[in-house]
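Structural overview
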Amino acid sequence: MIKRRDMVILALVAIVFVSLSLSLRSKSDSVSEYQIRTLLGDVHLAMDNIQRIVLRRNGLQLEFEKSEGVWWQREPFSVRMDPYSMRTLIESVQGVEVKADLADTQSVELLGLGDDANMIELFDGELRVSIRMGRRTLGGLAYASIDDGVPVLVDQSLHRRAIDMDYRLWRDIRIFPDFAIDGTRIEREGDSGRLLLERIDGRWEMREPASTRVDQGLLIEWVGQLAGARVGSFVVDQPSDLSLFGLQTPIAFFAVGNRQGTTHKLLIGGRVSAGSNDRYVMLEGHPVVFSLRWNVVSQFFPVPELLVDGTGSGVSRFDAKRITIRSQDYEITIQRELERWIDISRSGIVVDNNAVEALLHWILDTKPTSIGFGSYPREREVGTITFEGYDLIPLDTVRIARNEDGNWILENGDNVLRIHPPEAGDVLSPFMKD
């Protein structure tokens, strides 16, 4: 039998439980009734498909356009924009919160929403929406209206980004953003002379100062550095006097081209300050002067010799079927037969495989101690090595000479002299004697 005291306790517990349940339901209903109201809540604008933005701020009108997935500033001049910054601008428009409605009798001029108001317009290909950004008020609020609609009070998030922020920070700070993928040409002129490189069928070749092979691994690494080069800081738009920045007559230029035939030419100007090597630069056709740190500028101007493929020949050892070594009074032709090399000029005797491998390693793999551009010293020639393929068509001929210091010079018709120390030529001994 339940005691009276227990009955009272159970009743009190039930009352507390019911009260708590009602309180929680009341709070839940209050929360569900509170909803964030955005300025564009009733506008069916496709934010993921915005193609054009017009921004009027403090009397300046900027126009942006998305073309083939890339954002560009079109007015007052053309410059590439940073995709993240443009997306953030669109999200700022999308996220503006309405804090309060205003009476229809409010003067739009008084609220800063007249015809001269700051404005941002978005176009998604079908629908065009214009937002006027009016005067700011207390508590982080501001006036705004859609097109010519009724003014409302909103938060200042859009005002701070669209009006207050330096719009130059929305630009793409990469100098050659797509070069790593689409680059096909590098051209430059400066104190270190002229350099011209072209990419053909995926491989880079040097055209000037000599037509020769380049180190592909080194070139790809360099191209990556070029594609990653960043602007130091924006200095001035549409300068009236380029001579102030040493850009009226640039001291050097660096240009890259892509497979679409477009060329981007960077003009190198004067020093930013007397105690600095940082430079004023600008892209030809884009009236924006910006500064570039010296460590970035110097990446554009490596010594051409550093880019050259240092090996004596670009022939693959696996493509060589026959090798002919000629000297002034001696000639020998050896031919690959499975894993052996046969002297076909001397009754088919077997040649020491280690001697052949040592010769191939020197010509095809060994890097020189130094490289220079210049005419091959034919008068000091010691001999030549000609490689033939499996179709017995010549693949390459390497000319070998010795300078007055006894160093060996390898050259294969490109006027690039690859210098090796005296002891390197010991591998020739088995093939240059009778």
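In this text the structure is predicted, and so the values were computed from the model without any measurement.

**Details of the packing of helix α2 (residues 83–94) against helix α3 (residues 157–164)**
- The geometry of α2 relative to α3 is characterised by a closest axis approach of 8 Å and an angle of 145° between their N-to-C directions. Read as a crossing pair, α2 and α3 show a hand that is left-handed. Here T88, L89, S92 and V93 of α2 lie close against α3, whose contacting residues are L158, R161 and A162.
- Its residues placed into classes, the contact of α2 with α3 shows four nonpolar, two polar and one charged.

**A few points about the side chain of R132**
- One can find R132 in strand β7 (residues 128–136).
- For R132, a relative accessible area of 17% translates into the label buried.
- A distance of 2.9 Å separates a polar side-chain atom of R132 from the backbone oxygen of L113.
- Discounting residues that sit within four places of it in the chain, R132 has contacts with L113, G114, D115, A117, N118, M119, Y143, A144, S145, D147 and D148.

**Here we look at the pairing of strand β1 (residues 52–57)**
- Relative to strand β2 (residues 60–67), β1 runs antiparallel, the two sharing six bridges. By the bridge assignment, R52 is partnered in β2 with E65.
- Hairpin geometry of β1 and β2 is characterised by an intervening segment of two residues between the two adjacent antiparallel strands and by a positive phi of about 50° at N58.
- Of the pairings in the sheet, the one linking β1 to strand β6 (residues 118–123) comprises five bridges and is antiparallel in character. Within β6, the position partnered with I53 by the bridge is L122.

**Points about the sheet that holds strand β8 (residues 141–146)**
- Pairing is antiparallel in the open sheet, where nine strands are placed in the order β4-β3-β2-β1-β6-β7-β8-β9-β5. Bordering the open sheet on either side are β4 (79–80) and β5 (98–101), each of which pairs with just one other strand.
- Bridge count between strand β3 (residues 70–75) and β4: two bridges; the pairing is antiparallel. Within β4, the position partnered with Q73 by the bridge is V79.

**Here's the deal with the pairing of strand β21 (residues 340–343)**
- By the bridge criterion, four bridges tie strand β20 (residues 331–337) to β21 in an arrangement that is antiparallel. For I334, the partnering residue across the bridge sits in β21 and is D343.
- Between β20 and β21, which pair antiparallel one after the other, the connecting turn spans two residues, and L338 there sits at a positive phi close to 55°.
- Where β21 folds back onto strand β22 (residues 349–351) in an antiparallel hairpin, the turn is made up of five residues, including S347, whose phi is positive at roughly 60°.

**Describing the side chain of Q156**
- Among the secondary structure elements, Q156 is positioned in the loop between β9 (152–155) and α3.
- Here the side chain of Q156 touches T137 through a polar contact of 3.5 Å, landing on its backbone oxygen.
- Excluding residues within four positions of it along the chain, Q156 makes contact with R136, T137, G140, L141 and A142.

Conventions and cut-offs
- Residues numbered from 1 in each chain as written.
- Predicted model: local features only at pLDDT ≥ 70, side-chain atom pairs only at ≥ 80, totals over all residues.
- Heavy atoms only, no water.
- Axes fitted to C-alpha atoms, helices over the stretch in contact; angles between N-to-C directions.
- Helix = DSSP H or I, 4+ residues; strand = E, 2+ residues; numbered from the N terminus.
- Left-handed = near helix turned anticlockwise from the far one by under 90°.
- Contact = heavy atoms within 4.5 Å.
- Nonpolar A, V, L, I, M, F, W, Y, C, P; charged D, E, K, R; others polar.
- Buried < 20%, exposed > 50% of the residue type's maximum accessible area, 1.4 Å probe, protein only.
- Polar contact = N/O pair within 3.5 Å; in protein donor to acceptor, adjacent residues only side chain to side chain.
- Pairing = 2+ DSSP bridges.

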